[in-house]
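Observations on the model geometry
Listed below are the residues making up each chain.
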Amino acid sequence: MGMTKPVGLGADTSGNAATGKLEISHATLASLKNASDAQVREALDEEHIPGVALPANLEKLLGFGRSFSWWPLLFGLACCAIEMMATAGPRYDLSRFGMEAMRASPRQADGMIVAGWCTTKMAPRVVRLYEQIPDPKWVVAMGSCAISGNIWNTYSVVQGIDALIPVDVYVPGCPPRPEALWEGLEMLRDKVKQSRHAYDGLRTIPARAAIGE
Amino acid sequence: MEARQETVEIPEALKVVFARLEEEFGGRLLGSSFFRGELTFTVPVEDYIAVLKYCRDTPDLAFERLDSLLGNHYPGRKEAPMEVVVHLTSVSKNTRLRLKVMLAEGQSLPTATGVWPSADWDERETWEMYGIQFDGHPNLIRLLTTEDFEGFPLRKDFPLQGTVGGRIRTDLKGKI
Ligand code: SF4
């Protein structure tokens, strides 16, 4: 891959160093309409953008490094958190992948595993914690509750946390067994390696979009 | 309850509790039952605080702890659909006691926070979930639901499935 993406390192690393803008020709832009992710990347690879030779490799290197020390936020909402703890424990041993260091502060974390149902009272905190995690960040929705609200179609449970924050990987189950979470985290590692994200370049947060902020 | 075979012996300590309460409040108590080792009294609203104070302050009873205070809703009971249940524990006597108060719709109950300060949050929750008003409570505001929430979710007539508020079910404006 000869090209870096704006996500991960910030817009400055990709494109013209002087203006900080990504320079793509109109022809390329037109051809990218309705294109898939892979097609976009391919097209951008072909486009000659001056001055990005180093960050391209750097991004690859960073992604490789990050994927071996992705530190989740120490954050469990409900019963699924028990399985998350089991995954981190000695039997399934997340430390094999450098993920065992669950950070108690969002400012030191690389993302969060939302394990369990999120109540309406908790919703603002989930958004706040997500926003406090520095970029780049990834989110795993663990369990049916975090994905869709599960059986709690009630007055107090948010019907899927992707209504609040962008979600990268969904791990279904009630609760998902540690193997399932592990599988999800492997998928996440692939995304980390490729510096792919659920959020778009503008870092749109669905909860903020919903109230027009 | 007569139909059931009572196999549990009534402990001595509970017999004392029963005797003392009957002696003090006599005919005013609305009922009592002993079932599976648990003693329950139904108390009239007027005597509610007096009974609580008596349970706490009488050396023979010595109920030092208010374990929990909660609500119930019986829509079938037309005159008194609401109910407040109080569980007391005596650590020194190793006894437990349950007190029930039956309330009409919209009827309020004096707060128990003056007797046990720990009743504070329990009463807030009972008010929030059942709409039972507690007179004299220092801070009767919502505890578990958000400020924009309407209705009393643990009442039997509250819809089990809710679609209120879209997927997030609360207005996040000003909160994030
Ligand atoms: S998916 Fe199941 S185990 Fe997980 S939080 Fe929901 S109810 Fe609990």
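Remember, predicted model here, so these are calculated numbers, not experimental data. (Residues numbered from 1 in each chain as written. Chains lettered and ligands numbered in written order. Predicted model: local features only at pLDDT ≥ 70, side-chain atom pairs only at ≥ 80, totals over all residues. Heavy atoms only, no water.)

Once that is clear, we can look at the overall build of chain B. A count of helices and strands for chain B gives 3 helices and 7 strands. For chain B, the α and β elements follow one another from N to C terminus as α-β-β-α-β-β-β-β-α-β. Dimensions of chain B, computed from C-alpha atoms along their principal axes, come out at roughly 60 × 35 × 25 Å. Looking at chain B residue by residue over its 176 residues, the buried ones come to 43%. For chain B, contacts bridging at least 24 residues in sequence account for 52% of all contacts bridging at least 6. Distance from the positive charge centre (22 side chains) to the negative charge centre (28 side chains) of chain B: 5 Å. (Helix = DSSP H or I, 4+ residues; strand = E, 2+ residues; numbered from the N terminus. Buried < 20%, exposed > 50% of the residue type's maximum accessible area, 1.4 Å probe, protein only. Contact = heavy atoms within 4.5 Å. Lys, Arg positive; Asp, Glu negative; His and termini not counted. Charge placed at Lys NZ, Arg CZ, Asp CG, Glu CD.)

To continue, consider the packing of helix α1 (residues 12-25) of chain B against helix α2 (residues 48-57) of chain B. Residues and elements named next belong to chain B. Axis separation between α1 and α2 bottoms out at 11 Å; the angle between their running directions is 135 degrees. Between α1 and α2, the angle is such that the two are oblique. Pair α1 / α2 crosses with right-handed handedness. Contacts between α1 and α2 involve R20, L21, E24 and F25 from the first element and A50, V51, Y54 and C55 from the second. The residue inventory of the contact of α1 with α2, partitioned by class, reads 6 nonpolar, no polar and 2 charged. (Axes fitted to C-alpha atoms, helices over the stretch in contact; angles between N-to-C directions. Parallel < 35°, antiparallel > 145°, perpendicular 65-115°, else oblique. Left-handed = near helix turned anticlockwise from the far one by under 90°. Nonpolar A, V, L, I, M, F, W, Y, C, P; charged D, E, K, R; others polar.)

Let us now look at the domain arrangement of chain A. All names here are of chain A. As far as domains go, chain A holds domain 1 (15-66) and domain 2 (69-211). Listed per partner, the contact involves 7 residues of domain 1 and 8 residues of domain 2. For the pair domain 1 and domain 2, the summed buried surface comes to about 600 Å²; carbon and sulfur atoms form 48% of the total. If you look at where domain 1 meets domain 2, you find 0 salt bridges. Taken together, domain 1 and domain 2 are joined by 2 residue pairs in polar contact (both at pLDDT 80 or more). Residue assignment for the side of domain 1 that touches domain 2 shows that the elements contributing at least two residues are α3 (37-46) and α4 (53-67). Broken down by element, the residue count for the side of domain 1 that touches domain 2 peaks at 5 residues, all from α4. Looking at side-chain class alone, the side of domain 1 that touches domain 2 contains 1 nonpolar, 2 polar and 4 charged residues. (Domains from an automatic or database assignment. Buried area = accessible area lost by both parts, 1.4 Å probe. Salt bridge = Lys/Arg side-chain N within 4 Å of Asp/Glu carboxyl O. Polar contact = N/O pair within 3.5 Å; in protein donor to acceptor, adjacent residues only side chain to side chain.)

Turning our attention to the pattern of salt bridges. The final tally for this structure, using the stated rule, is 20 salt bridges over all chains. Note that R203 of chain A is salt-bridged to D135 of chain A, the shortest N-O span being 2.5 Å. Taken together, the residues R203 of chain A in the loop between α8 (178-193) and α9 (206-210) and D135 of chain A in the loop between α6 (123-132) and β3 (138-142) connect sequence positions 68 residues apart. Here E12 of chain B makes a salt bridge to K15 of chain B, at a shortest N to O gap of 3.5 Å. A residue pair is termed a helical-turn pair when its members lie 3 or 4 positions apart in one helix, as E12 of chain B and K15 of chain B do in helix α1 at 3 residues. Overall, the relative accessible area of 39% leaves K15 of chain B in the partly exposed class. Here the residues in one salt-bridge network are E131, R208 and E213 of chain A, joined through shared partners.

Glancing now at the environment of R98 of chain B. All names here are of chain B. Tracing the backbone through its elements, the reader meets R98 in strand β5 (residues 95-103). Residues R98 and S32, 66 residues apart in the sequence, show an inter-C-alpha distance of 9.7 Å. Other than its neighbours up to four places away in sequence, R98 contacts E38, L39, T40, F41, V85, V86 and H87. Here E38 takes part through its side chain, which lies 2.7 Å from a polar atom of the side chain of R98.

In the vicinity of the ligand, 13 residues are found, and the nearest of them are C79, C80, G116, C145 and C174 of chain A. Per-element tally for the shell around the ligand: the top contributor is helix α7 (residues 143-148) of chain A, with 3 residues. (Near = heavy atom within 4 Å.)

Attention shifts here to the sheet that holds strand β4 (residues 82-90) of chain B. All names here are of chain B. Spatial ordering of the open sheet is given by β1-β2-β5-β4-β3, a layout of 5 strands whose pairing is mixed. Here the strands that pair on one side only, and so sit at the sheet edges, are β1 (31-35) and β3 (65-73). When the angles between neighbouring strand axes are averaged without regard to direction, this sheet yields 20 degrees. Running over the sheet, helix α3 (residues 119-130) touches β3 and β4 and is turned about 5 degrees from β3. (Pairing = 2+ DSSP bridges.)

A few words on the nonpolar core. Among the nonpolar cores identified, the biggest contains 39 residues, and L21, Y48, L52, V86, L88, L97 and L99 of chain B are the most heavily contacted of them. The biggest single contributor to this core is α2 of chain B, with 6 residues. Excluding residues that lie within four positions of it along the chain, L99 of chain B makes contacts with F41, V43, V51, L52, V84, V85, V86 and L88 of chain B. Counting residues in hydrophobic clusters, the runner-up holds 28 residues, among them A109, C118, V126 and Y199 of chain A. (Core = buried A, V, L, I, M, F, W, Y, C linked by side-chain atoms within 4.5 Å.)

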